[in-house]
Amino acid sequence: MIELNIIGMTGGIGSGKTQVSLFFAELGISVVDTDQISRELVKSGSSNLQEIVAFFGSDILLTNGELNRSKLRQIIFSKPDKKQWLEALLHPQIRKLAWQQLAACHSSYAILVVPLLIESQHYDFVDRILVVDCEEDLQIERVMQRDQNDRSVAKGIISSQLTRKQRLSQADDVIENNGTLAELKDKVRQLHEYYQELAELRD
Ligand code: ATP
């Protein structure tokens, strides 16, 4: 049992989850990021990477021996059985490590970042769902700039994800990220105050 509120944070690609986590971390709040955990689980030399190579073949690796994540993403995008295999390998480990990291948190509440929180059944233990929401045009621009992608790639990923409306319908709290970074930081600070009040009520 974890004795602090866990805020599950989600949002579409490029909506600003990483940026928001950095602002929470600056306020001294522990952030557990499932995307980061999954990267660590498949790093060079890991037994997971060996299993992935045995299943997908060695051309799933980059020349430096690391996993070619974008190639893997493309394959599982069109092959549901392979996606299922990969999820069965990694999801239980990600969930277990996330839980262990949350149990070790000492802040007044914790943020758990899960890009597919609403789609997944593995994180029903979160106390609240925080959605980072951003207008689609801005989302596309930010992803194109960050990943040096074409518009069609960014649009394709967005259309494969839940719609903003579907995500927002499940939200307890929403951070709208259509403005500047300074505005975003201020919204995080306001929400932080609210989450601290909730933490006091819990005690
Ligand atoms: P992913 O789902 O791909 O992990 P994400 O939700 O974590 O994405 P970020 O990486 O935080 O999104 O943001 C996407 C890009 O947009 C980053 O380059 C980030 O610095 C930038 N960004 C986020 N919010 C703002 C903002 N309010 N103003 C300007 N740039 C922003």
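Quick note: structure is the one above.
Residues numbered from 1 in each chain as written. Predicted model: local features only at pLDDT ≥ 70, side-chain atom pairs only at ≥ 80, totals over all residues. Heavy atoms only, no water.

A. A look at the sheet that holds strand β4 (residues 128-133). The parallel open sheet is built from five strands, whose spatial order is β2-β3-β1-β4-β5. The open sheet is flanked by β2 (30-33) and β5 (173-176), the only strands paired with a single partner. Adjacent strand axes in the sheet meet at a mean angle of 25° when their direction is disregarded. (Pairing = 2+ DSSP bridges. Helix = DSSP H or I, 4+ residues; strand = E, 2+ residues; numbered from the N terminus. Axes fitted to C-alpha atoms, helices over the stretch in contact; angles between N-to-C directions.)

B. Quick look at the pairing of β5. Covered by surrounding structure in β5 are Asp 173 and Ile 175 only, the residues Val 174 and Glu 176 on the alternate face being uncovered. Relative to β5, β4 is paired through four bridges, and the arrangement is parallel. When the sheet's bridge partners are listed, Asp 133 is paired in β5 with Glu 176. (Buried < 20%, exposed > 50% of the residue type's maximum accessible area, 1.4 Å probe, protein only.)

C. Broad picture of the pairing of β4. Burial of β4 is extensive: six of the six residues sit out of reach of the surface. Neither face of β4 is open: one carries Arg 128, Leu 130 and Val 132, the other Ile 129, Val 131 and Asp 133, and all of them are buried. Judged from the four bridges that link them, strand β1 (residues 5-10) and β4 form a sheet pairing that is parallel. Looking at β4, one finds that Gly 8 is bridged to Ile 129.

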